[in-house]
Amino acid sequence: MPKEAFVQVEPSPTNEVGVKHYNFGKVFRAEEAADALGISRSSLFELVRRGELASFKVGASRRIPGSAIEAFIAARLVGGQS
């Protein structure tokens, strides 16, 4: 299920507080991303180190956006477009 962020916004003219929805898509832990790609965790970190797979850090933890996994796969498809 996609992770969503909820951001509180200013009250509306009727004095009700609105909530905006932002869907950022699924974000994977390194172990989950490696499993989704069918590779080892160390192979995943090597792809990240070489810049072949986008990621970001949250504290000491590495996170991989689902969109980065999709882009990685799409760039390596043989015989057609995704």
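In this report, we go over the structure that sits alongside the text.

About the criteria used
All chains use their own residue numbering, which begins from 1 and follows the written sequence. Restriction of local features to residues with pLDDT of at least 70 applies here, the model being predicted, together with a cutoff of 80 or more for giving and counting side-chain atom pairs; totals for whole chains, interfaces and linings are based on all residues. To obtain the side-chain values, all non-hydrogen atoms of the structure were included, while hydrogens and water were left out. Going along the chain from the N terminus, every DSSP run of H or I of four or more residues is numbered as a helix, and every run of E of two or more is numbered as a strand. Only protein chains enter the area calculation, which uses a 1.4 Å probe; residues under 20% of their type maximum are buried, those over 50% are exposed, and those in between are partly exposed. Residues are treated as being in contact if the distance between any of their heavy atoms lies within 4.5 Å. The Shrake-Rupley method, run with a 1.4 Å probe, gives the accessible areas here. Residue values count only the displayed protein chains as cover. Here the arc refers to the directions that run from the helix axis out to each C-beta atom.

Some words on the overall build of the protein
Helices and strands together make up the secondary structure of the protein, namely three helices and five strands. From first element to last, N terminus to C terminus, the protein shows the α and β order β-β-β-α-α-β-β-α. Split into buried and exposed, the 82 residues of the protein put 20% on the buried side. Taking the contacts inside the protein whose residues are at least 6 apart along the sequence as the reference set, 30% of them involve residues at least 24 apart. Put simply, the protein shows about 6100 Å² of open surface, and 53% of that area lies on carbon and sulfur atoms.

Some points on helix H1 (residues 30-37)
Since the α-helix advances by 3.6 residues per turn, residues separated by three or four positions end up pointing in the same direction. Of all the residues in H1, the buried ones are Ala-30, Ala-33, Ala-34 and Leu-37. Considered in projection along H1, the buried side chains sweep an arc of 100° and stay on one side of the axis. The elements touched by buried residues of H1 are strand S3 (27-29), helix H2 (41-49), strand S5 (61-65) and helix H3 (66-75). Once H1 finishes, Gly-38 follows within two positions and takes phi at roughly 70°, a positive value.

Honestly, it's all geometry; don't read function into it.
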